Structure formats: structure tokens, C-alpha cells
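Take a look at the letters that make up each chain.
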Amino acid sequence: MMTDPIADMLTRIRNAVRVEHPHVEMPTSKVKRGLADVLKREGYIWDWVETDDYPVKQIRLELKYGPSGERVIQHIKRVSKPGRRIYSKSTDLRPILNGMGITVISTSNGVISDREARQKKIGGEVLCEVW
């Protein structure tokens, strides 16, 4: 039994980027699909697909690298944890690295980036920071 599947997802992405794998696979969930969708919209990964592998469905992220092989995801960090949930209002969300990074937030409207949350004026649980 896994205590924190979001932290597991971020660790798999961090490890795959560190050794420059072209893709990474993990068990899927609604929050993981939302997180992958935000990473795709913000340009941190190429694409993601969900496969029907037995016994559990898998989500496969196609990782993105620059023209010279530089990493697009330099840093990915879990903020809210199972033992300590972090919630934030839209007015309290500040740009990461002057807008070069994003904060991923789980809201009542689904998983969105901090830019979208400020635009829609909704807050929620801060899942992670990416730059």
C-alpha cells in the first residue's frame, strides 16, 4: 500500500529526468491524469497517454528535453503532504522564479496551474512546484 501516490509520481519523474529517460510509466489515477495534463499545458512534457495494462492501468509521460539535451524539468518538489496539507487562496499564490516555474493546485475545478487559479480566482491544495 502506497501512502502518497503523488509523491511517488513526482519521484519517478525526477529520477527519469535525472538519467534522461525518454518516458516514464506509473499507475494512474484522476489526480495523476490532472497533474500530467497541467505539465503538458505548461510545456514541461511532450504528451501523456493512458494504457490498459493488466492488472492496473498505467499512465505514460513523454518527457521533454531541450535541443542540446538540457532538462526542461530542473526541479520538482511536493508541497502538500499527507501529514501536513497546504492550502492557498488565489490571492496568496505568488509566481515561482518570476513566472519561470509553476505551482500545481488541486481545486474544486480540477488540477490546475497557479496562473489559471489566479485568473479564475480560485484556491485549493498546493500539490507541487515545478521549474
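Coordinates for the structure precede this section.
Below, the structure is looked at part by part. Remember, predicted model here, so these are calculated numbers, not experimental data.

Turning to the pairing of strand β7 (residues 110-113), a few remarks are in order. Summarising the sheet, strand β6 (residues 102-107) and β7 pair through four bridges and their orientation is antiparallel. Within β7, the position partnered with Val104 by the bridge is Ser113. Here β6 hands over to β7 after two residues, the two strands then running antiparallel side by side.

This brings us to the nonpolar core. Counting residues in each nonpolar core, the largest one holds 26 residues, and the members touching the most others are Ile13, Leu61, Leu63, Ile73, Val104 and Val130. Of all the secondary structure elements, the ones that give two or more residues to this core are α1 (5-18), β1 (23-27), α2 (30-41), β3 (58-63), β6 and β8 (124-130). When residues in this core are grouped by element, the largest group, six residues, is from α1. Core analysis: the second largest hydrophobic core is formed by five residues, Leu93, Ile105, Ile112 and Ala117 among them.

What follows covers the packing of aromatic side chains. The relation between two aromatic rings is expressed through the spacing of the ring centres and the mutual angle of the planes. Counted according to the given criterion, the structure contains zero aromatic pairs. A cation sits over an aromatic face here: Lys64 above Trp46, 4.6 Å from the ring centre.

Basis of the calculations
Residues numbered from 1 in each chain as written. Predicted model: local features only at pLDDT ≥ 70, side-chain atom pairs only at ≥ 80, totals over all residues. Heavy atoms only, no water. Pairing = 2+ DSSP bridges. Helix = DSSP H or I, 4+ residues; strand = E, 2+ residues; numbered from the N terminus. Core = buried A, V, L, I, M, F, W, Y, C linked by side-chain atoms within 4.5 Å. Buried < 20%, exposed > 50% of the residue type's maximum accessible area, 1.4 Å probe, protein only. Phe/Tyr/Trp six-rings, centres within 6.5 Å; stacked < 30°, edge-to-face > 60°. Lys NZ or Arg CZ within 6 Å of the ring centre and 35° of its normal.

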